[in-house]
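The lines below spell out each chain.
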Amino acid sequence: DGFRCNYYDAEDPKFTTPYDWKYCSGMEVGETYEVHWPSSTVAACSTPDQYQEPFYDGAFCNLSEEQLGTLSQQDIADNMGVQAQVYTVVNDEDYFYANLFSGMIVDGEFSKDMAYYTGSTTGTSHDNDICSAYGPITWHVDRKCHLISASTFDKMCFDMKMQRDDMEIDTHPHGSRELVNDAYVANNQVYEGDRKNLRA
């Protein structure tokens, strides 16, 4: 089951009423989804080429293959970051947000409780034996779960399909990686509230 948000209420129709998905696939109302927005100083940010599939192509698209091959782990850490936010999808237009595609929501209770740490890219091809080649990178993670309308996600999937480099492959949920063994976790997690280190 993983670590779902705790909002689901089987008696509340906004968590149980199916949504007619037009652009996203494999998604369900009432489920929890985490969205990542990678960015990089060596990407084509603020241009149509910023958004590509796979995302590495966009994150490093201002580098030649030769330059990419010379990047050290510190070069990657210095130049790449990821924002992340977690949502429970509801069938309720009171929770609509028009532009989830462009980045994490910074409004009201969104992005108020942030954690910062170094990690790597994620995905089911990485685990405690096989590391990502892209690390360390800086993560900026909203620690709070949020309610969001299914139509918000469907609009984001539509926007993804409209990019110059069609991002349709990312319009369905991907699996999450195995939890990282404590022995491999960086000791630099910072909580925004009082900027304290979260790990000894």
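Note that the structure is a prediction, hence the values are computed from the model and not measured. Residue indices follow the written sequence of each chain, beginning from 1 at its first position. It should be noted that, the model being predicted, local features are given only for residues of pLDDT at least 70 and side-chain atom pairs only at 80 or more, the latter also being counted only at that level, while totals for whole chains, interfaces and linings use all residues. Only hydrogens and water are removed before side-chain values are computed, so all heavy atoms of the structure are retained for them.

### Here we look at the overall build of the chain
Then step 1. Of the regular secondary structure elements, the chain holds 5 helices and 5 strands.
Then step 2. Helices and strands in the chain line up, N terminus first, as α-β-α-α-α-β-β-β-α-β.
Then step 3. With a 1.4 Å probe rolled over the protein chains alone, any residue whose accessible area is under 20% of its type maximum counts as buried; one over 50% counts as exposed, and the rest are partly exposed. A burial count over the chain gives 36% of its 200 residues as buried.
Then step 4. A contact between two residues is defined here by any heavy atoms of the two lying within 4.5 Å. Restricting to contacts in the chain with at least 6 residues of sequence separation, those with at least 24 account for 72%.
Then step 5. Surface exposure of the chain reaches about 11,600 Å², of which carbon and sulfur atoms provide 48%. Strands are runs of DSSP state E lasting at least 2 residues, helices are runs of H or I lasting at least 4, and numbering of each runs from the N terminus. Here the Shrake-Rupley method, with its probe set to 1.4 Å, supplies the accessible areas, and only the displayed protein chains count as covering residues.

### Topic: the packing of aromatic side chains
Aromatic ring pairs are described here by two measures, namely the spacing of the ring centres and the angle between the planes.
Then step 1. Any two of the Phe, Tyr and Trp rings considered here, Trp counted by its six-membered ring, make a pair once their centres fall within 6.5 Å; the pair's planes then place it as stacked at under 30 degrees, edge-to-face at over 60, or tilted in between. Inspection of the entire model under this criterion finds 6 aromatic pairs.
Then step 2. Measuring from ring centre to ring centre gives 5.0 Å for Y23 and F158, while their planes differ by 65 degrees; the resulting arrangement is edge-to-face. Here the residue Y23 occupies a position in the loop between α1 (13-16) and β1 (32-40), and F158 occupies one in helix α5 (residues 150-161), the gap between them amounting to 135 residues.
Then step 3. We classify Y23 as partly exposed; its relative accessible area is 33%.
Then step 4. Seen in terms of ring centroids, Y87 and F153 are 5.9 Å apart; in terms of plane orientation they differ by 85 degrees. Their pairing is edge-to-face. Note that Y87 is positioned in strand β2 (residues 80-90) and F153 in helix α5, a separation of 66 residues in sequence.
Then step 5. Of the residues examined, Y87 reaches a relative accessible area of 0% and is grouped as buried.

### Concerning α5
Then step 1. Every helix has an expected span of 1.5 Å times one less than the residues it contains. Taking 1.5 Å per residue as the helical rise, α5 with its 12 residues ought to reach 16 Å, and the 17 Å between its terminal C-alpha atoms agrees with that figure.
Then step 2. Within α5, 9 of the 12 residues are buried, which leaves the element mostly enclosed by the surrounding structure.
Then step 3. Here α5 has its buried residues at A150, S151, T152, F153, D154, M156, C157, D159 and M160.
Then step 4. The elements touched by buried residues of α5 are β1, β2 and β4 (137-149).

### Focus: the confidence of the model for the chain
Then step 1. pLDDT is defined as a per-residue confidence score from the predictor, taking values between 0 and 100. Per-residue pLDDT for the chain has a mean of 82; in total, 82% of the residues score no lower than 70.
Then step 2. Per-element mean pLDDT across the chain ranges from 65 in helix α2 (residues 55-59) up to 98 in α1.
Then step 3. Segment residues 194-200: pLDDT under 50, and 16 contacts once partners within four positions in sequence are set aside and those in other chains are kept.

### Side note on the state of the cysteines
Then step 1. Defined by distance alone, a disulfide is two cysteine sulfur atoms within 2.5 Å. In the structure shown here, the tally under the stated rule is 2 disulfides.
Then step 2. Between the sulfur of C5 and that of C145 lies a disulfide, 2.2 Å long from S to S. On the sign convention where negative is left-handed, the bridge of C5 and C145, at about -85 degrees about the S-S bond, is left-handed. Taken as a pair, C5 in the segment before α1 and C145 in strand β4 lie far apart in primary sequence, 140 residues in all.
Then step 3. Classification of C5 as buried rests on a relative accessible area of 8%.
Then step 4. Bridging C24 to C157, the disulfide has an S-S length of 2.0 Å. Its S-S torsion of about 100 degrees marks the bond between C24 and C157 as right-handed, since a negative value means left-handed. Here C157 lies in helix α5 and C24 lies in the loop between α1 and β1, a separation of 133 residues in the sequence.
Then step 5. Residue C24 is classed as buried on the basis of its relative accessible area, which comes to 6%.
Then step 6. C157 sits in the buried class, given a relative accessible area of 2%.
Then step 7. For the chain, the bonded cysteines connect in the pattern 1-3, 2-4 when numbered consecutively along the sequence.

### Comments concerning the nonpolar core
Then step 1. By nonpolar core we mean a set of buried residues, namely Ala, Val, Leu, Ile, Met, Phe, Trp, Tyr and Cys, connected to one another through side-chain atoms within 4.5 Å. Formed by 23 residues in total, the largest nonpolar core has its most connected members in W21, M27, Y87, V89, L100, F153 and M156.
Then step 2. Put simply, the parts of the chain that give this core at least two residues each are β1, β2, β3 (114-119) and α5.
Then step 3. Excluding residues within four positions of it along the chain, M27 makes contact with W21, Y33, V89, F153 and P173.
Then step 4. Judged by nonpolar contacts, the second largest core, of 9 residues, contains V42, V82, W139 and V141.

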